[in-house]
Amino acid sequence: MNNRVVNVLAATSVAGLLFALFGLSSGTAGAADPAAQVKERQQTMKAMGGGLGAVAKYVKGEGATAEDASKGVAALVAASGKDPKAVFPEGTEVGVGDSAAKPELWKNWSKAQSDWGAVQPAAQKLQAALQGGDRAQVAQALAATSKTCGGCHEDFRIKKN
Ligand code: HEC
């Protein structure tokens, strides 16, 4: 086989590979599928809710250990660090999948963005309070963190029964 033939074959297989990869990524429920984006957001929210819940259970002495609380707050810090544009992509309002996000969220994007941006600093304070071990401080930071969630839900999330 001469070099030309080898090169043509190599080029063909690379193109084939790219096609296969592209086909795969658009065929599965990928990032461009709005219903999948809604699901992904709900997963992010659930992770935050679970994390905050673990801290709350720990504070109330309802079965969660200090380790549960510290894992929970770590999940919360991580999830709240996501880019708001990725969590709330346009075209994922109520009507898409089972989205409960009001269209107002995008009409008031700067408010939504700052609501989102307030979560991580609050979660980091909560994490520091947990590490400090002062329960009163943890409780206070917990309340402050859940306020950051509630404010956005109040404005931009439809109430489900
Ligand atoms: C910037 C706005 C915003 C902030 C901040 C926010 N959320 Fe949400 N949250 C939403 C919206 C919008 C929905 C509805 C999402 C959907 O149905 O697509 C939602 C839904 C949820 C859900 C339900 C998910 C499901 O399974 O349908 C939970 C749980 C939740 N949020 C927890 C939290 C917690 C905990 C925090 C704070 C640590 C928080 N959220 C902060 C906007 C926000």
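Residues numbered from 1 in each chain as written. Predicted model: local features only at pLDDT ≥ 70, side-chain atom pairs only at ≥ 80, totals over all residues. Heavy atoms only, no water.

As annotated in an unreviewed UniProt entry, the protein carries the name Cytochrome c556 and is attributed to Azospirillum picis.

Draft legend 1. Looking closely at the overall build of the protein. Counting its secondary structure elements, the protein contains seven helices and zero strands. Out of the 161 residues in the protein, the part that is buried amounts to 30%. Within the protein, counting contacts between residues at least 6 apart in sequence, those at least 24 apart form 69% of the total. Accessible surface for the protein amounts to roughly 9,900 Å². Of this, 59% is attributable to carbon and sulfur atoms. (Helix = DSSP H or I, 4+ residues; strand = E, 2+ residues; numbered from the N terminus. Buried < 20%, exposed > 50% of the residue type's maximum accessible area, 1.4 Å probe, protein only. Contact = heavy atoms within 4.5 Å. Areas by Shrake-Rupley, 256 points an atom, 1.4 Å probe, with all protein chains shown as cover.)

Draft legend 2. Seen up close, the coordination of the iron atom of the ligand. Listed as protein donors to the iron atom of the ligand are M45 (SD) and H153 (NE2); their distances from the metal cover 2.0 to 2.4 Å. Every donor counted, the six donor atoms about the iron atom of the ligand form angles of 88 to 179° at the centre, which fits octahedral coordination. Of this pair, M45 sits in helix α2 (residues 34-60) while H153 is found in helix α7 (residues 135-156), placing the two residues 108 residues apart along the sequence. Under the relative-accessibility criterion, M45 is labelled partly exposed at 25%. You can call H153 partly exposed: its relative accessible area is 30%. (Donors = N, O, S within 2.8 Å, 3.2 Å for Na, K, Ca; no water. Tetrahedral: all angles 85-135°; square planar, octahedral: opposite > 155°, others 65-115°.)

Draft legend 3. Representation of the site of the ligand in the model. The environment of the ligand is formed by 23 residues, the closest being M45, A100, C149, C152 and H153. Between R41 and the ligand, the recorded distance is 2.9 Å, taken from a side-chain N or O atom to an oxygen atom. H153 has a polar side-chain atom sitting 2.8 Å from a nitrogen atom of the ligand. Among the elements of the structure, α2, α6 (109-132) and α7 are those that each provide at least two residues to the shell around the ligand. Ranked by the residues each element gives to the shell around the ligand, the list is headed by α2, at seven residues. (Near = heavy atom within 4 Å. Polar contact = N/O pair within 3.5 Å; in protein donor to acceptor, adjacent residues only side chain to side chain.)

Draft legend 4. Structural detail: the packing of α2 against helix α3 (residues 66-80). Between α2 and α3, the shortest axis-to-axis distance is 8 Å and the interhelical angle comes to 150°. Comparing their axes, α3 and α2 come out roughly antiparallel. Between α2 and α3 the crossing geometry is left-handed. Note on element contacts: α3 touches α2 through A66, D68, A69, G72, V73, L76, A79 and S80, opposite T44, M48, G51, L52, A54, V55 and Y58. Tallied by class, the residues present in the contact of α2 with α3 amount to 10 nonpolar, four polar and one charged. (Axes fitted to C-alpha atoms, helices over the stretch in contact; angles between N-to-C directions. Parallel < 35°, antiparallel > 145°, perpendicular 65-115°, else oblique. Left-handed = near helix turned anticlockwise from the far one by under 90°. Nonpolar A, V, L, I, M, F, W, Y, C, P; charged D, E, K, R; others polar.)

Draft legend 5. Focus on α3. Taking 1.5 Å of rise per residue, the 15 residues of α3 would be expected to cover 21 Å, and the 21 Å separating its terminal C-alpha atoms lies within 8% of that figure. Listed as buried for α3 are A69, G72, V73, L76, V77, A79 and S80. (Expected span 1.5 Å × (residues − 1).)

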